[in-house]
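Here is how the chains run, residue by residue.
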Amino acid sequence: MHPTSQLQARQVWAKCLEIIHKDINEQSFKTWFEPIVPLNVANQTLSIQVPSQFFYEWLEENYIHVLRKAIDYTLGKNGMLEYSIIVDKGDKKNPPIAYNVPNQKPTVPVAAQRKPEPTLYESPFQLKDLDSLELDSYLNPHYTFDNFVEGDCNRLGRSAGLAVAQRPGVTSFNPLMIYGSVGLGKTHLIQAIGNYIKNTQTNKFVLYVTSEKFCNQFINAIKNNTLQAFSNFYMQVDVLIIDDVQFLAGKERTQESFFHIFNHLHQSGKQIIMSSDRAPRELAGMQDRLLSRFKWGLTADVQQPDFETRIAILQKKLQADGIYIEDKVIEYLAHSIDTNVREMEGVIVSLMAHASLNRREIDMELARTTLKNIVVDNEKEVTVDSILDAVTSHFDVNMADLKGKSRKKETVFPRQIAMYLMKEFTNLPLKSIGYHFGGRDHSTVIHAVQTISIMLETDKEVEKTMQKLYKYFNRVRVKN
Ligand SMILES: Nc1ncnc2c1ncn2[C@@H]1O[C@H](COP(=O)(O)OP(=O)(O)OP(=O)(O)O)[C@@H](O)[C@H]1O
């Protein structure tokens, strides 16, 4: 690319931004225009790079008029805008699509210009095909260390993975076994190792295979009488990555075959990396000799990410999609989805879809509505009794004291909290809330609610207590 045209592009785009900024609100500007990178300008055509296809479609649908206006102003009526889309968060770009904003649509749909998914290599043990096929193509190039967020939940696995990636077959982490429950990043991590090796040591034959696929290949090899070729093929691999080994459980003959391949590779200093949904000691139906080999190297677990890691993961994913969401909303999402990372990704996708369909920004209200379907199933109905139960049990006060006349501090505070919760969660009038506390009048309830509201603003401990109480009802408390 010519440096002058790049400089010009930046200047033209800066002018466009100035114009656009005047026409739209701050948040929309931040979300949809700041992530755009001007690439070059030539023949009255400005090329810009956008982070995703979703992003491109959104611009098309919502901001075409402001873009047209800006292009008219900077490049004239015949000015064109050319989009280049980063494919799936990776660094490969689609060929740019040129069209005249806004009338002429791209003649080739954007999706059609994407690089097709690599086809799986169905019969890897046909040795004649070895040279002609991209054998490690089932590694997803988007699974990298760079976009794998580190936290206490995965630190050991990640560092061991990186060590293995830098020196495959040489460290004592052989085999490396990553285990943990669904959607916590096992596949991402083991594929990141494969991608790293593939990119840094191009002479190495890296093979990623799921255990299910391995089993099917084995069965086909039996059927076709090609067992020897099957084993020989696997024995040539430099780095064998095998996902979901728990799938081998109970499959005696497949395990037998895997055992021989494993031994051969290990003895030849080749690297073996595995993942499993449970720890080796819990892998019932697996031969002992295989299990003991699994423990030769390093076994590391991945756990559910804690709150801070969830925030970091959400931020990374949003950033990769070029989406801007307020911190408050990210915090709400991180509080609400604490099951696994796949679910978090699912929520982001649904949020983007809702935002796109309803033509609006992703704000707190949209996040709440979108999550409702997911969270609502878990939410318990909050009643006067459930509040009284939660408060008495949390503060360890008895019910009679809570409802009675006591003015002791240990009772007054929980009582005020209970009143506050009733105001928050029920539709009861203040008078009825007072009724549940020995017939106190509505001004006492107002005072309690005000006192707790102020404390929530000023005292972190009270805020923490309130968050814990919300959990009694499977609710997430979001600070305003
Ligand atoms: N620490 C992380 N940082 C960034 N993305 C993550 C992280 N952990 C998981 N993910 C993402 O979450 C999704 C699910 O992860 P992955 O498929 O690796 O889970 P898994 O543990 O292999 O699940 P399963 O047992 O169901 O196969 C992937 O898109 C992955 O990129």
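Residues numbered from 1 in each chain as written. Predicted model: local features only at pLDDT ≥ 70, side-chain atom pairs only at ≥ 80, totals over all residues. Heavy atoms only, no water.

Looking now at the pairing of strand 1 (residues 37–42). With 5 bridges connecting them, strand 1 and strand 2 (residues 45–50) associate as antiparallel partners. Note on strand 2: the bridge partner recorded for Pro-38 is Ile-48. Between the antiparallel neighbours strand 1 and strand 2 lie 2 residues, among them Asn-43 with a positive phi of about 50°. (Pairing = 2+ DSSP bridges. Helix = DSSP H or I, 4+ residues; strand = E, 2+ residues; numbered from the N terminus.)

Looking now at the sheet that holds strand 7 (residues 239–243). Pairing in this open sheet of 5 strands is parallel, and the strands run 6-7-8-5-9 from one edge to the other. At either margin of the open sheet sits one strand with a lone partner, and together these are strand 6 (206–210) and strand 9 (298–301). Taken over all neighbouring pairs, the strand axes of this sheet differ in orientation by 15° on average, direction set aside. (Axes fitted to C-alpha atoms, helices over the stretch in contact; angles between N-to-C directions.)

Below, the discussion takes up the pattern of salt bridges. Evaluated as defined, the whole model comprises 14 salt bridges. Salt-bridge contacts for Arg-68 lead to Asp-72; the nearest nitrogen and oxygen are separated by 2.7 Å. Taken together, the residues Arg-68 and Asp-72, both in helix 3 (residues 53–75) and 4 residues apart, mark about one turn of the helix. For the salt bridge of Glu-461 with Lys-464, the shortest nitrogen-to-oxygen distance reads 3.6 Å. With Glu-461 and Lys-464 both in helix 19 (residues 460–472) and 3 residues apart, this pair spans about one turn of that helix. If you follow the salt bridges from partner to partner, you end up with Glu-150, Asp-152, Arg-155 and Arg-158 in one network. (Salt bridge = Lys/Arg side-chain N within 4 Å of Asp/Glu carboxyl O.)

Right, let's get into the packing of aromatic side chains. Summed over all chains, the structure comprises 17 aromatic pairs. For the ring pair Phe-214 and Tyr-234, a centre distance of 5.0 Å and an interplane angle of 70° mean the geometry is edge-to-face. Taken together, the residues Phe-214 in helix 6 (residues 211–224) and Tyr-234 in helix 7 (residues 227–235) connect sequence positions 20 residues apart. The class of Tyr-234 is buried, set by a relative accessible area of 0%. Within the aromatic cluster, the residues linked to one another by ring pairs are Phe-205, Phe-214, Phe-218, Phe-230, Phe-233, Tyr-234, Phe-258, Phe-262, Phe-294 and Trp-296. (Phe/Tyr/Trp six-rings, centres within 6.5 Å; stacked < 30°, edge-to-face > 60°. Buried < 20%, exposed > 50% of the residue type's maximum accessible area, 1.4 Å probe, protein only.)

What follows covers the environment of Phe-230. Assignment of secondary structure puts Phe-230 in helix 7. Distance from Phe-230 to Ser-257, taken between C-alpha atoms, is 9.4 Å for residues 27 residues apart in sequence.

In the region of the ligand, 18 residues are neighbours, and Val-149, Lys-186, Thr-187, His-188 and Glu-345 sit closest. Contacts to the ligand include Gly-183, whose backbone N or O atom sits 2.8 Å from an oxygen atom. The contact in question runs from an oxygen atom of the ligand to an N or O atom on the side chain of Glu-345, over 2.7 Å. Burial of the ligand by the surrounding chains reaches 90%, relative to a free accessible area of 630 Å². The residue inventory of the shell around the ligand, partitioned by class, reads 7 nonpolar, 7 polar and 4 charged. (Near = heavy atom within 4 Å. Polar contact = N/O pair within 3.5 Å; in protein donor to acceptor, adjacent residues only side chain to side chain. Areas by Shrake-Rupley, 256 points an atom, 1.4 Å probe, with all protein chains shown as cover. Nonpolar A, V, L, I, M, F, W, Y, C, P; charged D, E, K, R; others polar.)

UniProt annotation of "binding site: ATP" (unreviewed entry) refers to Gly-183, Gly-185, Lys-186 and Thr-187 when read in the numbering used here. Structurally, the position occupied by Gly-185 is in the loop between strand 5 (176–179) and helix 5 (186–200). Of the residues examined, Gly-185 reaches a relative accessible area of 18% and is grouped as buried. Within the element layout of this structure, Lys-186 appears in helix 5. Residue class for Lys-186 comes out buried when judged on its relative accessible area of 8%. Once residues lying within four places of it in the same chain are set aside, the contact partners of Lys-186 are Ile-178, Tyr-179, Gly-180, Ser-181, Ser-275, Ser-276, Asp-277 and Val-302. A distance of 2.8 Å separates a polar atom in the side chain of Lys-186 from the backbone oxygen of Ser-181. (UniProt positions renumbered as here; feature names shortened; annotations may be inferred. Contact = heavy atoms within 4.5 Å.)

Helix packing geometry: the angle between the two helix axes and the distance between the axes. Between helix 16 (residues 409–425) and helix 19, the shortest axis-to-axis distance is 12 Å and the interhelical angle comes to 55°. Taken together, the axis directions place helix 16 and helix 19 in an arrangement best described as oblique. As for how helix 16 packs across helix 19, the hand of that crossing is right-handed. Contacts between helix 16 and helix 19 involve Phe-413, Ile-417, Tyr-420, Leu-421, Glu-424 and Phe-425 on the former and, on the latter, Val-462, Met-466, Leu-469 and Tyr-470. (Parallel < 35°, antiparallel > 145°, perpendicular 65-115°, else oblique. Left-handed = near helix turned anticlockwise from the far one by under 90°.)

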